[in-house]
Amino acid sequence: MCKLCNGRRVIHEESSVGVMFVPCPNCTPISREEAELRNQKLRARLDQAFAEMGMEDVS
C-alpha cells in the first residue's frame, strides 16, 4: 500500500481556491475492472441500507 495516499489513489492538494483531489503520483491509475467491482460493492451496501430503512431505491 502506498504510504502517501494509503491506497486511495488520490491525494489532497491545497490551492488558493481550496482543497483539490489529485491522482497520487506514486500509484497507477485504477483499472476499469477494479472500478466496476468497487461500484458493485457500494451499490450492494446502498441497497442493503435502503432495505433496512424501508426506503425505495432512488436511482
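Since we're looking at a predicted model, the values are computed, not measured. Once a new chain begins, its residue numbering starts again from 1 and follows that chain's sequence as written. Residue-level local features of this predicted model are given only where pLDDT is at least 70; pairs of side-chain atoms are given and counted only at 80 or more, and the full residue set underlies all totals for whole chains, interfaces and linings. Heavy atoms throughout the structure, all of them, feed into the side-chain values; hydrogens and water do not.

**With respect to the overall build of the chain**
And step 1. Counting its regular elements, the chain contains one helix and two strands.
And step 2. Beginning at the N terminus, the succession of helices and strands in the chain can be written as β-β-α.
And step 3. C-alpha extents for the chain along the principal axes are approximately 40 × 30 × 20 Å.
And step 4. Each residue gets one of three labels from its accessible area relative to the maximum for its type: buried under 20%, exposed over 50%, partly exposed in between, using a 1.4 Å probe on protein chains only. Of all 59 residues assigned to the chain, the portion counted as buried reaches 10%.
And step 5. Approximately 5400 Å² of the chain is accessible, and the part contributed by carbon and sulfur atoms is 54%. Comment: elements are numbered from the N terminus, with helices defined as DSSP H or I runs of at least four residues and strands as E runs of at least two. For the accessible areas, the method is Shrake-Rupley and the probe is 1.4 Å, while residue cover comes only from the protein chains on display.

**Overview of the state of the cysteines**
And step 1. In this description, the term disulfide denotes a pair of cysteine sulfurs within 2.5 Å. Per the stated rule, a full pass over the model turns up zero disulfides.
And step 2. Of all cysteine sulfurs, the one in C24 lies closest to C2, which takes part in no disulfide; the gap is 3.8 Å.
And step 3. Free of any disulfide, C27 has its nearest neighbouring cysteine sulfur in C5, separated by 3.5 Å.

**Quick notes on helix α1 (residues 32-53)**
And step 1. In this analysis, the expected span of each helix is defined as 1.5 Å times one less than the number of residues it contains. Under the 1.5 Å per step criterion, the end-to-end length of α1 is 31 Å for 22 residues, consistent within 8% with the ideal 32 Å.
And step 2. Just past α1, the residue G54 takes up positive phi, approximately 70°.

**Things to note about the pattern of salt bridges**
And step 1. The term salt bridge refers to a side-chain nitrogen of Lys or Arg lying within 4 Å of a carboxyl oxygen of Asp or Glu. Tallying each qualifying case throughout the model produces three salt bridges.
And step 2. When the shortest N-O distance is used, the salt bridge between R9 and E34 registers 3.0 Å. Here R9, found in the segment before β1 (10-15), pairs with E34, found in helix α1; they are 25 residues apart in sequence, far enough to count as distant.
And step 3. Note on E34: relative accessible area 29%, which makes it partly exposed.
And step 4. Between E34 and R38 there is a salt bridge whose closest N-O contact spans 3.5 Å. Remark: R38 and E34 occur in helix α1; sequence separation between them is four residues, near one turn of the helix.
And step 5. Given the relative accessible area of 41%, R38 is considered partly exposed.
And step 6. Salt bridges linked by common partners bring R9, E34 and R38 together as one network.

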